[in-house]
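# A look at the structure
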Amino acid sequence: MAAPVGFFTDTTLCIGCKACEVACKEWNALPNNPLEFRGSYDNTGGLDHANWRHVRFVEQAGTSQDKPIAWSMMSDVCKHCANASCLEVCPTNAIVRTEFDTVFIQQDVCNGCRDCISACPYGVIGFNSTSGTAQKCTFCYDRLQNNLKPACATACPTQSIKFGPLDEMRQTAAARLNTLQQQGMSQARIYGNEEYGGLHALFLITDKPEAYNLPSAESAVLPSRNNIPGYLTAGVTAVFAAVAGLIAFRRRGESSSPSPSGAGSGSSPSPARGGGQGGG
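Figured I'd write up the structure that's included with this text. Here the structure is a predicted model, which is why all the values come from computation and not from measurement.

Let us now look at the overall build of the protein chain. When helices and strands are tallied, the protein chain shows seven helices and ten strands. The 280 residues of the protein chain split such that 40% are buried. Considering only contacts within the protein chain whose residues lie at least 6 apart along the sequence, 57% involve residues at least 24 apart.

Take a look at the structure:
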């Protein structure tokens, strides 16, 4: 198996040029977006089946009266989670891990059930009504197989998007964070080291994760069916339900027992009677 790969996106270097979006669309032959804006400089809206990279424009409070509003740009993408909910819920095994440890949707196996769309905590998967399948970032799997960098990382003019072995990306992110904190940017942090078992897309952000529509480490937990406390809770609930069912069944049996006179047995008509009610 090849070494796991990853992205490191430094939002402090992103200039919002959208070169990553364009390169992604061109390489993967994705349809263009309508020329409309959505209350900001963002004409993409979000990640879906036709947008596998999305430059998010985040408004933040400025540091001076001259600049009351500051912009932080973040090129968002599928996180290729170590604990991928989409992969776990896929009923056809269309979603698999590649030899690069990335998460890939096999289009010829996907049945379009959309379970993965509901399960993804980052909202990166979309449904293509033309193909009838779910689609998202492939990490440029075809390029990886030919020893090429993903198109988005190749096109980024400021090297805000870096690509390489995942361990190397973690080291690069840690070094960059240390530099910024030494320069006084105490609010800077790395997102992706812990969430959902560790992400293959790390982000250096300068605000709380929620400001970037990212779940915090405390919120980034798998559904209860996928963790031990959830199993224990479900087990206890099942035991109580079974006991309650037995008690109810016994009480029902006692209340329907034949009287000493033999009347009111409450038994169902036998098939031989053709299902008649009280046939004599």
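From this point, things continue past the structure.
The next thing to look at is the sheet that holds strand β1 (residues 5-10). The pairing of strands in a sheet happens through backbone hydrogen bonds and is either parallel or antiparallel. One open sheet holds the four strands; their spatial order is β8-β1-β10-β9, and the pairing between them is mixed. In this open sheet, the two strands that pair with only one neighbour each are β8 (161-165) and β9 (189-191). Each strand of the sheet is rotated relative to its neighbour by a mean of 20°, with strand direction disregarded.

Our focus in this paragraph is the pattern of salt bridges. Counting across every chain of the model gives six salt bridges. In this structure, D76 and K79 form a salt bridge, with 2.9 Å as the shortest nitrogen-oxygen distance. Overall, D76 belongs to the buried group, its relative accessible area being 2%. For D101, the salt bridge goes to R97, with nearest N and O atoms at 3.6 Å.

It is worth spelling out the packing of aromatic side chains at this point. Under the criterion given, the structure shown has six aromatic pairs. For the pair F100 and Y141, a centre-to-centre distance of 6.2 Å together with 75° between the ring planes defines the contact as edge-to-face. Within this pair, whereas F100 is found in the loop between β4 (95-97) and β5 (103-105), its partner Y141 is found in helix α4 (residues 141-145), the two being separated by 41 residues in sequence. Residue F100 shares its accessibility class with Y141, and that shared class is buried. Ring plane angle 55° and centroid distance 6.0 Å describe the contact between F139 and F163, whose orientation is recorded as tilted. Of the two residues, F139 sits in the loop between β7 (133-135) and α4 while F163 sits in strand β8, which places them 24 residues apart along the sequence. Taken individually, F139 and F163 each receive the classification buried, so the pair is uniform in this respect. Through pairs of rings, three or more aromatic residues link up here, namely F7, F139 and F163. Over the face of the ring belonging to F7 we find R53, whose NZ or CZ atom lies 4.7 Å from the ring centre. Cation over ring: R143 sits above W27, and NZ or CZ is 4.5 Å from the ring centre.

Of note, L202 is situated in strand β10 (residues 201-205). You can call L202 buried: its relative accessible area is 0%. Sequence separation of L202 and G192 is ten residues, and the distance between their C-alpha atoms is 4.9 Å.

Cut-offs used in this document
Residues numbered from 1 in each chain as written. Predicted model: local features only at pLDDT ≥ 70, side-chain atom pairs only at ≥ 80, totals over all residues. Heavy atoms only, no water. Helix = DSSP H or I, 4+ residues; strand = E, 2+ residues; numbered from the N terminus. Buried < 20%, exposed > 50% of the residue type's maximum accessible area, 1.4 Å probe, protein only. Contact = heavy atoms within 4.5 Å. Pairing = 2+ DSSP bridges. Axes fitted to C-alpha atoms, helices over the stretch in contact; angles between N-to-C directions. Salt bridge = Lys/Arg side-chain N within 4 Å of Asp/Glu carboxyl O. Phe/Tyr/Trp six-rings, centres within 6.5 Å; stacked < 30°, edge-to-face > 60°. Lys NZ or Arg CZ within 6 Å of the ring centre and 35° of its normal.

In short, shape yes, function no, at least from these values alone.
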